[in-house]
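Architecture and fold: a report
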Amino acid sequence: MKNVSSQVHRSIVRFSNNIFHVQDEDDFQKQVLDKKEPLMVNFHASWCGPCRVLGPRLEKLITDYNDNVKMSSGDQYIALAKIDVDKFSELSSKYNVKAVPTVSSGYKEI
């Protein structure tokens, strides 16, 4: 049982390093726009049914991919930024998000 709990703990730590919720516009600037590493952005809402289905699948995809990167050379980790459109409607408008969920990559300052 002790071994299982240590595996879960390591998994949670890795998960939190690559998948994060944007906290404010400054955080968006730092974690998304200024980031040089590969990144996906998931605009979502807590009331959105498809978002609740897609969110965990994206998280698993990113986690599994990053686990495999450790075994290969030359690949980079991918991060997933999660943005709640109800909390950050200005960001949603600025990046032309018309529906949720919206998943994209390669953001530049507008």
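Preceding this paragraph is the structure being described.
None of these values were measured; they are calculated from a predicted model. (Residues numbered from 1 in each chain as written. Predicted model: local features only at pLDDT ≥ 70, side-chain atom pairs only at ≥ 80, totals over all residues. Heavy atoms only, no water.)

Okay, the overall build of the protein next. Looking only at helices and strands, the protein features four helices and four strands. Reading the protein from its N terminus to its C terminus gives the helix and strand order α-β-α-β-α-β-α-β. Looking at the protein as a whole, 34% of its 110 residues qualify as buried. When contacts within the protein are restricted to residue pairs at least 6 apart in sequence, long-range pairs at least 24 apart make up 72% of them. Summed over all atoms, the accessible surface of the protein reaches about 7300 Å², with 54% contributed by carbon and sulfur. (Helix = DSSP H or I, 4+ residues; strand = E, 2+ residues; numbered from the N terminus. Buried < 20%, exposed > 50% of the residue type's maximum accessible area, 1.4 Å probe, protein only. Contact = heavy atoms within 4.5 Å. Areas by Shrake-Rupley, 256 points an atom, 1.4 Å probe, with all protein chains shown as cover.)

To continue, consider the environment of Val100. Here Val100 shows up in the loop between α4 (89-94) and β4 (102-105). Excluding its chain neighbours within four sequence positions, the residues that come into contact with Val100 are Phe43, His44, Ala45, Trp47, Cys48, Cys51 and Val85.

Before going further, it helps to examine the packing of aromatic side chains. Tallying each qualifying case throughout the model produces one aromatic pair. With a centroid separation of 5.3 Å and an interplanar angle of 50 degrees, the aromatic rings of Phe28 and Tyr95 are classed as tilted. With a gap of 67 residues between them, Phe28 in helix α2 (residues 25-33) and Tyr95 in the loop between α4 and β4 connect regions that are remote in the sequence. The exposure classification of Phe28 matches that of Tyr95, with both residues buried. (Phe/Tyr/Trp six-rings, centres within 6.5 Å; stacked < 30°, edge-to-face > 60°.)

Turning our eyes to something else, we now look at the sheet that holds β4. Here four strands make up an open sheet; going across it, the order is β1-β3-β2-β4 and the pairing mixed. Across the chains shown, the open sheet's two edge strands, defined by having one partner strand only, are β1 (19-21) and β4. Strand-to-strand twist in this sheet, taken as the mean axis angle between neighbours without regard to direction, amounts to 20 degrees. The pairing of strand β2 (residues 39-44) with β4 spans four bridges and is classified as antiparallel. By the bridge assignment, Val41 is partnered in β4 with Ser104. Lying over the sheet, α2 contacts β1, β2 and β3 (79-84), oriented at roughly 140 degrees with respect to β2. Against the sheet, helix α3 (residues 49-69) engages β1, β2, β3 and β4, with an angle of about 165 degrees to β2. (Pairing = 2+ DSSP bridges. Axes fitted to C-alpha atoms, helices over the stretch in contact; angles between N-to-C directions.)

What the rule picks out here adds up to three salt bridges. Of the charged contacts in the structure, one is a salt bridge between Glu37 and Lys35, with a shortest N-O distance of 3.9 Å. Relative accessible area serves as the criterion here: at 29%, Lys35 is assigned to the partly exposed category. Between Lys60 and Asp64 there is a salt bridge; the shortest N-O distance is 2.6 Å. Taken together, the residues span about one helical turn, with Lys60 and Asp64 both in helix α3 at a distance of four residues. Judged by its relative accessible area of 32%, Asp64 is partly exposed. (Salt bridge = Lys/Arg side-chain N within 4 Å of Asp/Glu carboxyl O.)

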